[in-house]
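These are the residues of each chain, in order.
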Amino acid sequence: MDVVRGLVALHATDPATVYLSVAARTADPAGAVAGLDAALYGEPPALTRMLAMRRTMFVVDREFAPQVYAAAGRRVTVKMRKDLLAFLAEGGGWDAAWLTDLEAEVVAALAAHPDSSGAELSRLVPRLREQVVVARGKPYEATQNIASRVIRTMAAEGRIERRRPAGSWISGQFRWANAEPLPEVPEEPARAALARAWLAAYGPGTEADLKWWTGWGLGETRKALAAVGAEAVVLDDGATGYVLPDAGPDPADEGGAVLLPALDPLAMAWRDRGWFLPDGHEQLFDRTGNIGPTVWWGGEVVGGWAQRADGALAWRLLADRGAEAEGAVERAAARLAAFLGAVRVTPRFRTPLERELSA
């Protein structure tokens, strides 16, 4: 398996992952950062952030975004709106009409003041500063502002969008602007298009892998595989995998080492990852299954890495692949450290090995 194979989308729960994932796959990391900024925030933008598969944030090609939304994003937004209305009704007694009026105020404010931060929006639209009490009477009772949930729901529906962050490329404090609505596309052809893209990037993969990655039901998964004519193959462990009918052989892995960031889309592409993870890999994951920074060699994860407070990169191999691999990892770490320079990256979801190495 080649770590520079195509990707369907960039995992964007952690803003730094978007840039580090691309930087790891190019000979010019600094140019990759500039190119990503232009693609995300240029006019018109070529990429867009969207909540989609498994209610996870991704950066997606804008031309492919309608298919991704129809295949996996729309159902997420339906549940988000239902949950938001329940949250508002229980906490403040507000109904759907009240929310519709509030959202209209948000759209009007962004029309007059594009690229506003969340704090600026709350000043422009005072009702966003309303607060509700959740879990009233319980030990974990808390007071929450409604702004973040309203803004996230509108963004998930594609009515507003994240623009350039207030800080650097590692910042998650985005500015907001009104968005052009995505074209409506039918759901079943969209699922087929997403299944084809996943197989092209990550095949062979199992039904369980695709079902997990997309968040679909088993019937939807099987129907999408059938729609693209996916062909069954026997995997090394005897399980049944699927490939596209026109799939060629896997690209030859060049054997080089690469340091991929936490939640890199390659490491998150399959439900069953045992075939490319070493023994002792549990320390690469947090308690909810988020994978941390990984070291790859020869198409498999062989260790993990972290950045220390002084900017130095620390890494540890969990699998011994000889002196050649160790030397390649050392050179890859030096390249990444040079690219990061004064930037300090701490993964949003920290894992045992990352915490230990960064200490």
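Scroll up to find the structure this text is about.
As the structure is a computational prediction, the values presented were derived from the model and not from experiment.

## Re the overall build of the chain
Here is step 1 of the chain: Looking only at helices and strands, one finds 11 helices and 14 strands in the chain.
Here is step 2 of the chain: Reported as C-alpha extents along the three principal axes, the dimensions of the chain are approximately 65 × 50 × 45 Å.
Here is step 3 of the chain: Across the 359 residues in the chain, those meeting the buried criterion constitute 49%.
Here is step 4 of the chain: Entry remark: accessible area of the chain is about 16700 Å², with carbon and sulfur atoms responsible for 52%.

## Here we look at the packing of aromatic side chains
Here is step 1 of the chain: Summed over all chains, the structure comprises 11 aromatic pairs.
Here is step 2 of the chain: Relative to Phe339, the ring of Trp169 has its centre 6.0 Å away and its plane inclined at 25°; by these criteria the two rings are stacked. Of this pair, Trp169 sits in the loop between strand E7 (160-165) and strand E8 (174-178) while Phe339 sits in helix H10 (residues 322-340), and the two are 170 residues apart along the sequence. For the pair formed by Trp169 and Phe339, the shared burial category is buried.
Here is step 3 of the chain: With 4.9 Å between their ring centres and 80° between their planes, Trp275 and Phe276 make a pair best called edge-to-face.
Here is step 4 of the chain: Judged by its relative accessible area of 0%, Phe276 is buried.
Here is step 5 of the chain: Through a chain of ring-to-ring contacts, three or more aromatic side chains come together here, namely Phe58, Trp198, Tyr202, Trp213, Trp270, Trp275, Phe276 and Trp296.
Here is step 6 of the chain: Sitting over the face of the ring of Trp212, Arg54 holds its NZ or CZ atom 4.3 Å from the ring centroid.

## A few points about the layout of surface pockets
Here is step 1 of the chain: The calculated volume of the largest pocket comes to roughly 660 Å³.
Here is step 2 of the chain: Forming the boundary of the largest pocket are 30 residues, of which Met57, Ser148, Arg152, Arg162 and Trp176 lie nearest the centre.
Here is step 3 of the chain: Looking at the lining of the largest pocket, the elements with two or more residues in it are strand E2 (47-51), helix H3 (65-92), helix H5 (118-124), helix H6 (147-156) and E8.
Here is step 4 of the chain: Ranked by residue count, the leading element in the lining of the largest pocket is H6, at eight residues.

## Section: empty space enclosed by the protein
Here is step 1 of the chain: Enumeration according to the criterion identifies four cavities of 30 Å³ or more in this entry.
Here is step 2 of the chain: Size it by volume and the largest cavity reaches roughly 170 Å³.
Here is step 3 of the chain: Elements represented by at least two residues in the lining of the largest cavity include exactly E2, H3, H6 and E7.
Here is step 4 of the chain: Residue classes in the lining of the largest cavity are distributed as nine nonpolar, two polar and six charged.

## Re the packing of helix H1 (residues 15-23) against helix H2 (residues 29-41)
Geometry of a packed helix pair, given as the angle between the helix axes and the separation of the axes.
Here is step 1 of the chain: Between H1 and H2, the least distance of the axes is 9 Å, while the angle of their chain directions is 130°. Relative to H2, H1 is oriented oblique. Two packed elements cross with a definite hand, and for H1 against H2 that hand is right-handed. Contacts from Val18, Tyr19, Val22 and Ala23 of H1 reach H2 at Pro29, Ala32, Val33, Leu36, Asp37, Leu40 and Tyr41.
Here is step 2 of the chain: Among the residues forming the contact of H1 with H2, the class breakdown is 10 nonpolar, no polar and one charged.

## Remarks on the pairing of strand E11 (residues 257-260)
Here is step 1 of the chain: Covered by surrounding structure in E11 are Ala257 and Leu259 together with Val258 and Leu260, the residues of both alternating faces.
Here is step 2 of the chain: As paired strands, E11 and strand E12 (residues 294-297) are joined by four bridges and run antiparallel to one another. What sits directly across from Leu260, in E12, is Thr294.

## Quick word on the environment of Gly229
Here is step 1 of the chain: Within the element layout of this structure, Gly229 appears in the loop between helix H9 (218-227) and strand E9 (231-234).
Here is step 2 of the chain: By relative accessible area, which is 32% here, Gly229 ends up partly exposed.
Here is step 3 of the chain: Separated by 16 residues in the primary sequence, Gly229 and Pro245 place their C-alpha atoms 6.3 Å from one another.

## Considerations on the pattern of salt bridges
Here is step 1 of the chain: Going through the model one piece at a time under the given rule, you end up with 22 salt bridges.
Here is step 2 of the chain: Linking Asp37 and Arg164 is a salt bridge whose minimum nitrogen-to-oxygen distance equals 3.8 Å. Of this pair, Asp37 sits in helix H2 while Arg164 is found in strand E7, placing the two residues 127 residues apart along the sequence.
Here is step 3 of the chain: Here the residues in one salt-bridge network are Glu43, Arg62, Glu161 and Arg163, joined through shared partners.

## Description of the pairing of E2
Here is step 1 of the chain: Of all five residues making up E2, five are buried, and the element is well covered by its neighbours.
Here is step 2 of the chain: Here E2 shows two buried faces, one formed by Leu47, Arg49 and Leu51 and the other by Thr48 and Met50.
Here is step 3 of the chain: As consecutive antiparallel partners, E2 and strand E3 (residues 57-61) are separated by five residues, and within that stretch Arg54 has a phi angle of approximately 55°, a positive value.

## Thoughts on the environment of Leu20
Here is step 1 of the chain: Within the secondary structure layout, Leu20 lies in helix H1.
Here is step 2 of the chain: You can call Leu20 buried: its relative accessible area is 6%.
Here is step 3 of the chain: In this view, Leu20 contacts Trp169, Pro261, Leu336, Phe339, Leu340 and Val345; residues no more than four positions away in its chain are not counted.

About the cut-offs
- Residues numbered from 1 in each chain as written.
- Predicted model: local features only at pLDDT ≥ 70, side-chain atom pairs only at ≥ 80, totals over all residues.
- Heavy atoms only, no water.
- Helix = DSSP H or I, 4+ residues; strand = E, 2+ residues; numbered from the N terminus.
- Buried < 20%, exposed > 50% of the residue type's maximum accessible area, 1.4 Å probe, protein only.
- Areas by Shrake-Rupley, 256 points an atom, 1.4 Å probe, with all protein chains shown as cover.
- Phe/Tyr/Trp six-rings, centres within 6.5 Å; stacked < 30°, edge-to-face > 60°.
- Lys NZ or Arg CZ within 6 Å of the ring centre and 35° of its normal.
- 1 Å grid on protein atoms, 1.4 Å probe; cavity = no way out; pocket = protein on both sides within 12 Å on 5 of 7 lines; lining within 4 Å.
- Points joined across faces, edges and corners; volume = space filled by probe spheres on them.
- Nonpolar A, V, L, I, M, F, W, Y, C, P; charged D, E, K, R; others polar.
- Axes fitted to C-alpha atoms, helices over the stretch in contact; angles between N-to-C directions.
- Parallel < 35°, antiparallel > 145°, perpendicular 65-115°, else oblique.
- Left-handed = near helix turned anticlockwise from the far one by under 90°.
- Contact = heavy atoms within 4.5 Å.
- Pairing = 2+ DSSP bridges.
- Salt bridge = Lys/Arg side-chain N within 4 Å of Asp/Glu carboxyl O.

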